[in-house]
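Next come the chains, spelled out residue by residue.
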Amino acid sequence: MNRQRTSLFRANRLKTVVVVTRDVVLTSIIDRFLKDSYSIVVFTKIEHSLDYIYNSLPDLLIIDISLDDVVTIGIINDLKSDPIFGQVPVLAVLSDDFIIPKWDYLFIEDYVRRSYIETDIIAKADLCIKRAERVIEINPLTRLPGNITIIKQIQRRLETGEIFAIAYADLDYFKPFNDKYGFGRGDEVLKMLGRLILNTVKHKQPNSFVGHIGGDDFIYIMGPDLVESATQEILDNFDRIIPTFYDAEDRAKGNIESIDREGIKKTFPIMGISIGIATNKIASYSHYGEVTERASEMKKYAKYTGGSCFRIDKRQYASKN
Amino acid sequence: MDIQNLRSQIEKVDTLPTMPSVLKKLLKVIENPKVSLNEIGNFISSDPVLTTRVLKVVNSPIYGFPGRISSVSQALILLGLNVVRGMLLGVSVFEVMERAMVGLWEHSMGCAVTARIIAQKKGVKEPEEISVAALLHDIGKVVLSLKFTDEYKDILNNAEKNGLYISEAEKAHFSITHAEAGAWIAQKWNFPKSLIEVIEYHHKPHLSKNIPVQSAIVHLADILIQARGFGFSGNNFVPPVHPAAWQALNLSETDMKEILIEMEEVLEQAEDFLISSE
C-alpha cells in the first residue's frame, strides 16, 4: 500500500509514453524528441502493448495508424470505451494521405500528420497529457474535481510540507429535503452549495482548492489563517440563500414534514451546514487519510451543535507514521 | 399585431441597454481591481437593467438552479466576481436617449428604495427581494420602448394629450400593458415566480395570490413615489391605491407618516447619486 502510494503521488515521477509503431524511423524521431521529458516504452503492435497498458496505466499512447488497420482501430476503440483505460489519451500519427473518418469511429484525442512529426510531436504530446489531467474526474453535478484529485491535492501538500487547513462540509437535514421534494430539487441545492463554496474560497484565496467528494460532502483546502473567515462567510451566505430552495409555505413555517431514516414521519428544520476543519499547522500528518479523518471528526462534532456552524481541531498530534 | 406575435417579439429581446451615465460609472467600478463584491452589488442594485442581467445569468439553466435567486447580493455570491465583471463588460447603452427614459430610471430607483422602507416597516424577511421587484416592476416599459421605439413615443404622447394613464394608452395600442410585457420577459429569463408575480400584478395587487403582501408593497411604493414627484413613470397624474393593497398592508396613519419621512431622507441621497452620475 505504502509503496504504491509513493509511486502514485511522487511529484517528479517521469510520465510514461507508450509508442506503438512498426516504423523504426518514426520510433527514433519520437524517441529523440521525447526522451528528455518522458519515459518511453515502444511496441511494434498494439496487441503487444495491451498487457503493459493494463498493468501500468501510461500517461499517453502514441500510435501509428493506417486506414486499413481495422484491428488496431478496433483495439483503440475498445480501450477508449473502458472507464479506466479510456482516460489514457491517444495521439495518432497519421500518414499524409490518411482520410480522416467520422470521429465516432475512431476514439482518439488528437493526431499529428507524419510530415509534421518533427515540428509538432513535443507540443502535441504535452498538450494531450495536460488536457487529460485537466478533465480528469469531475463531479458531473457541480463540475468540481472529485476524490482522486482531492487525494492528490492533499497528499501533494503533505509531501511538500505546505502548511494548510482542510475543511470538510456537509448538509444537515439534506435527506429529508431530498425525500420530500425529489432528487432534482436536492441537486439544485448541491449545485448552489458547490458554487457558493467555490466562489467564497477562491475569492479569499485564489490558489485554494475546492472539491466535491460526492452527495452533500464537499472539501476545501486553503491557508489556515483564512479558513475561519471563509468558512463563516459560507455559513452566513448559505443560511441566507437556502430558504428560497423550499416551497413558499415550508419557507414560512421554517420546517418540512418528511420521513427519517427509520421511515417515521417527522418535522425537520431548514437545512444548515456543518463544517469540520483540521490543519497541519499544529499537528503533523503524513497521509491524507489522517488529516481527512480529523476534519471529518470535527464535522461530526459540529453536527452535534445544531444549526450551521464549524469546529476546528485545536489538538496537537504527531503522525502515526 | 396579435398577442401571440407580440409576445414572441418581446421574448426575442435578449438583453436590455442601460443609460449612458450608468455605463460611465460602471466602467469605473469594474476597472478598479480592488472593487469588492459588495460595492459592485450596490451599484448593480441601483440600475434595473444591470439587475436583470445578473438575475438572468444566475437563473439560467447552466448554473442548475433556475428560478431560485431573486436578490442581487445572493446572485453575486453564486456567480463570483469574475463572472460578474465579465458580464458587465458587455453592457450596452440606448442609442437614442429619451428624456422619458431618464425619468423612468429615477422612478424605478425611487420605487425600489420606497418599497424597501415599507418592507422593513412590515417586517418582511427578505427586504432585498422586494426592492429588486420594485426596481424591476416597470421593466416592461423598457422592453416595449426598446422594441417599438417610435410606437412607444406615440403612446407617451397620447397619454399626455388625452389624459390617460400610461397603461391605458399601452392597452389601446398593444392590447396589453407593460405589466404583461415585463412578466413575459421575466418568465423567458427564468426569473423566480414571486418576482414575475409582482411585475405582472403591480397595478392589480388583488390578483396576486401567492405573495399578496409583496405585491401590495410594490403597488403602494409605485404610487407613493409618483405622488412625491420623483422621476417620471409615464403617468401625468397619480393613480389611486387599490383598496386590496391597503387591506393587505394594514398601515396606520403613523406608519404612513413615518414611511414618508424616511422616504425623504433616502431620496435625498438617491438624488445625489443620480446627479453625480451625470
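Given the structure is predicted, the values throughout are model-derived calculations rather than measurements. (Residues numbered from 1 in each chain as written. Chains lettered and ligands numbered in written order. Predicted model: local features only at pLDDT ≥ 70, side-chain atom pairs only at ≥ 80, totals over all residues.)

J.: Can you walk me through the overall build of chain B in this structure?
T.: Scanning chain B from N- to C-terminus turns up 16 helices and zero strands. The C-alpha atoms of chain B give 18 Å as radius of gyration, which agrees with the globular expectation for 278 residues (19 Å, within 12%). The principal-axis extents of the C-alpha atoms in chain B amount to approximately 50 × 45 × 40 Å. Every one of the 278 residues in chain B was classed for burial, and the buried ones make up 47%. Here the contacts in chain B between residues at least 6 apart in sequence split such that 69% fall between residues at least 24 apart. (Helix = DSSP H or I, 4+ residues; strand = E, 2+ residues; numbered from the N terminus. Rg over C-alpha atoms; globule rule 2.2 N^0.38 Å. Buried ≥ 20, exposed ≤ 12 C-beta atoms within 10 Å, placed from the backbone. Contact = placed C-beta atoms within 7 Å.)

J.: Before we go on, may I ask you to explain the overall build of chain A in this structure?
T.: From N to C terminus, chain A includes eleven helices and twelve strands. Against the compact-globule benchmark of 20 Å for 321 residues, chain A has a radius of gyration of 25 Å, which places it well outside the compact range. Of all 321 residues assigned to chain A, the portion counted as buried reaches 36%. Here the contacts in chain A between residues at least 6 apart in sequence split such that 66% fall between residues at least 24 apart.

J.: Can you walk me through the nonpolar core in this structure?
T.: Nonpolar side chains tend toward joint burial in soluble globular proteins. In this structure, I166 and A167 of chain A are the most contacted members of the largest nonpolar core, which totals 131 residues. Per-element accounting of this core gives the leading share, eleven residues, to helix α7 (residues 99-121) of chain B. Among all residues touching A167 of chain A, those that are not within four sequence positions of it are I219, Y220, V227, T231, I275, I277 and A295 of chain A. With 27 residues, the next largest nonpolar core counts V19, L79, V90 and I121 of chain A among its residues. (Core = buried A, V, L, I, M, F, W, Y, C linked by C-beta atoms within 7 Å.)

J.: Sorry if this is basic, but what is going on with the sheet that holds strand β3 (residues 60-65) of chain A here?
T.: Residues and elements named next belong to chain A. As summarised here, the arrangement of the five strands in space is β2-β1-β3-β4-β5, forming an open sheet in which the pairing is parallel. A single partner strand is all that each edge strand has here, and the edge strands are β2 (38-43) and β5 (110-113). Between one strand axis and the next, the sheet turns by 20° as a mean value, whatever way the strands run. Of the pairings in the sheet, the one linking β3 to strand β4 (residues 90-94) comprises five bridges and is parallel in character. (Pairing = 2+ DSSP bridges. Axes fitted to C-alpha atoms, helices over the stretch in contact; angles between N-to-C directions.)

J.: What exactly am I supposed to notice about the confidence of the model for chain A here?
T.: Residue and element names in this part refer to chain A. Put simply, chain A has an average pLDDT of 89, and 93% of its residues get 70 or more. Of all secondary-structure elements in chain A, the lowest mean pLDDT belongs to helix α1 (residues 2-9), at 41, while strand β8 (residues 217-222) reaches the highest, 96. Counted against residues more than four places away or in other chains, residues 1-11, with its pLDDT under 50, gives six contacts. (pLDDT = per-residue confidence, 0-100.)

J.: Explanation requested: the interface of chain A and chain B in the structure shown.
T.: Accessible area lost upon the coming together of the parts serves often as the stated size of an interface. Residue-level contacts link 14 residues of chain A with eleven residues of chain B. Ranked by the residues each element gives to the side of chain A that touches chain B, the list is headed by helix α8 (residues 183-204) of chain A, at eight residues. Here the side of chain A that touches chain B is composed, by residue class, of five nonpolar, four polar and five charged. (Nonpolar A, V, L, I, M, F, W, Y, C, P; charged D, E, K, R; others polar.)

J.: How should I be thinking about the domain arrangement of chain B in this particular structure?
T.: All names here are of chain B. The domain architecture assigned to chain B consists of domain 1 (14-89) and domain 2 (99-276). Summarising the inter-unit geometry, the C-alpha centres of domain 1 and domain 2 are found 21 Å apart. Residue-level contacts link 20 residues of domain 1 with 22 residues of domain 2. Looking at the side of domain 1 that touches domain 2, the elements that each hand over two or more residues are α4 (48-58) and α5 (72-79). Take the side of domain 1 that touches domain 2: its biggest share by element is six residues, from α4. Class assignment for the residues of the side of domain 1 that touches domain 2 results in nine nonpolar, nine polar and two charged. (Domains from an automatic or database assignment.)

J.: What exactly am I supposed to notice about the sheet that holds strand β11 (residues 272-279) of chain A here?
T.: The pairing of strands in a sheet happens through backbone hydrogen bonds and is either parallel or antiparallel. All names here are of chain A. Strand order in the open sheet made by the five strands is β7-β8-β6-β11-β12, with mixed pairing throughout. Of all the strands in the sheet, the pair left with one neighbour each is β7 (209-214) and β12 (309-312). The sheet shows a mean angle of 20° between the axes of neighbouring strands, taken without regard to direction. As paired elements, strand β6 (residues 165-172) and β8 share five bridges and run antiparallel to each other. Paired with Y168 across the strands is I219, a residue of β8. Across the sheet, helix α11 (residues 288-305) touches β6, β11 and β12, and the angle it forms with β11 is around 145°.

J.: Any chance you could explain the pairing of β12 of chain A here in plain terms?
T.: Remember that side chains alternate between the two faces of the sheet whenever the strand is regular. Residue and element names in this part refer to chain A. Alignment of β11 against β12, held across four bridges, turns out to be parallel. When the sheet's bridge partners are listed, I275 is paired in β12 with F310. As for the winding sense of the linkage, the β-α-β connection from β11 through α11 to β12 is left-handed. (Right-handed = clockwise from strand over helix to strand, strands pointing away.)

J.: Explain the domain arrangement of chain A to me, please; I cannot follow it from the model alone.
T.: For chain A, the assigned domains read domain 1 (2-133) and domain 2 (147-312). With centres defined by C-alpha atoms, the gap from domain 1 of chain A to domain 2 of chain A works out at 40 Å.

J.: How do you make sense of the environment of L78 of chain B when you look at a structure like this?
T.: Topologically, L78 of chain B is positioned in helix α5. The class for L78 of chain B is buried, based on 24 C-beta atoms found within 10 Å. Sequence spacing of L78 of chain B and V58 of chain B is 20 residues, and the spatial spacing of their C-alpha atoms is 7.4 Å. Filtering out sequence-adjacent residues up to four positions away, L78 of chain B remains in contact with M192, R195, L196 and N199 of chain A together with V58, Y63 and I69 of chain B.

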